[in-house]
Amino acid sequence: MTSARLLIVEDDPEMRSFLTSELAVEGYECEEAACGQQALGRIRSQTWDLVLLDWNLPDFSGVEVCRRMRKGGISTPVLMLTARDEVQQRVEALDSGADDYLIKPFSIEELLARVRARLRRSGIDEQDGGLLRMGDLEVNPASREVARGGESIHLTAKEFDLLMHLMRHPNQVQERRSILDALWGENWLGDDNLLDVYVRYLRRKLEPAGQPTLIQTVRGVGFMLKEGPPR
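So, here is what we can say about the structure in this document.

This paragraph deals with the nonpolar core. Among the nonpolar cores identified, the biggest contains 27 residues, and Val139, Val146, Leu162, Leu163 and Leu206 are the most heavily contacted of them. Mapped onto this core, the elements with two or more residues apiece are strand S7 (132-134), strand S8 (137-140), helix H6 (157-167), helix H7 (176-184), helix H8 (193-206), strand S12 (213-218) and strand S13 (222-228). With six residues, the single largest contributor to this core is H6. The contact partners of Leu163, leaving out residues within four places of it in the chain, are Leu137, Val139, Val146, Leu155, Leu202 and Leu206. Membership of the second largest hydrophobic core comes to 22 residues, among which are Ala33, Ala39, Val63 and Ala93.

Next comes the structure, spelled out in structure tokens:
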């Protein structure tokens, strides 16, 4: 069973319910959105492993949702679902930032295969039981347990949330604003230096002397989870 988090963006309630049910049976943690505005709110405020995005939405198109995601620095993979099958429309979807494209009607078996393939390409090694690993760092999202080199590490709730946000997007730069929105909500108006404080806390706990660093600073942009040389 996996623990990947999927957001299903579909305006048809029957299709939305069907997709949620089928994916939940496979062990995925699913939430739903019925329009573009609702989808963007959830995408900006939470961490997802994959977005299943319908092209035709009641307020604006899935293509526009994808464009706004990428413009805002959100790199969450997107699988576009649509009945439009012309080559130019596929090109438009991919150019907007979608990672894959599935034409309706589709079999649930093909959808599940596309989801598995997209998650494999995310760069995180997700083991049996939903464990996430990068190097010798191991995280169990279900139990919120963290260990490095076999040694258990205690994290506060917010430290764990920050680590999970970075681990869900390995080797990808996460902009400061997107991290703040994900951890404290997009309407949070506090000092964004709080993020630096929590990054510092995490580094102290995760990066003992002589071990490869894990949290890299990309100056002027944000942070990235990637193995680096010891400090």
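Throughout the structure, instances matching the rule amount to one aromatic pair. Relative to Tyr201, the ring of Tyr198 has its centre 5.7 Å away and its plane inclined at 80 degrees; by these criteria the two rings are edge-to-face. A residue pair is termed a helical-turn pair when its members lie 3 or 4 positions apart in one helix, as Tyr198 and Tyr201 do in helix H8 at three residues. In this structure Tyr198 comes out as buried when scored by relative accessible area, which is 19%. By relative accessible area, which is 34% here, Tyr201 ends up partly exposed. Positioned over the ring face of Trp48 is Arg5, at 4.2 Å from the centre of the ring. Just above the ring of Phe60 sits the side chain of Arg68; from NZ or CZ to the centre is 4.2 Å.

With that out of the way, let us pick up the sheet that holds strand S11 (residues 174-175). The strand order across the open sheet formed by three strands is S11-S13-S12, and the pairing between neighbours is antiparallel. Since the sheet does not close on itself, it has two edges, and those belong to S11 and S12, each with one partner. By the bridge criterion, two bridges tie S11 to S13 in an arrangement that is antiparallel. What sits directly across from Glu175, in S13, is Gly222. In the packing of H8 onto the sheet, contacts are made with S12 and S13, and the angle to S12 comes to roughly 155 degrees.

Scoring rules and cut-offs
Residues numbered from 1 in each chain as written. Predicted model: local features only at pLDDT ≥ 70, side-chain atom pairs only at ≥ 80, totals over all residues. Heavy atoms only, no water. Core = buried A, V, L, I, M, F, W, Y, C linked by side-chain atoms within 4.5 Å. Buried < 20%, exposed > 50% of the residue type's maximum accessible area, 1.4 Å probe, protein only. Helix = DSSP H or I, 4+ residues; strand = E, 2+ residues; numbered from the N terminus. Contact = heavy atoms within 4.5 Å. Phe/Tyr/Trp six-rings, centres within 6.5 Å; stacked < 30°, edge-to-face > 60°. Lys NZ or Arg CZ within 6 Å of the ring centre and 35° of its normal. Pairing = 2+ DSSP bridges. Axes fitted to C-alpha atoms, helices over the stretch in contact; angles between N-to-C directions.

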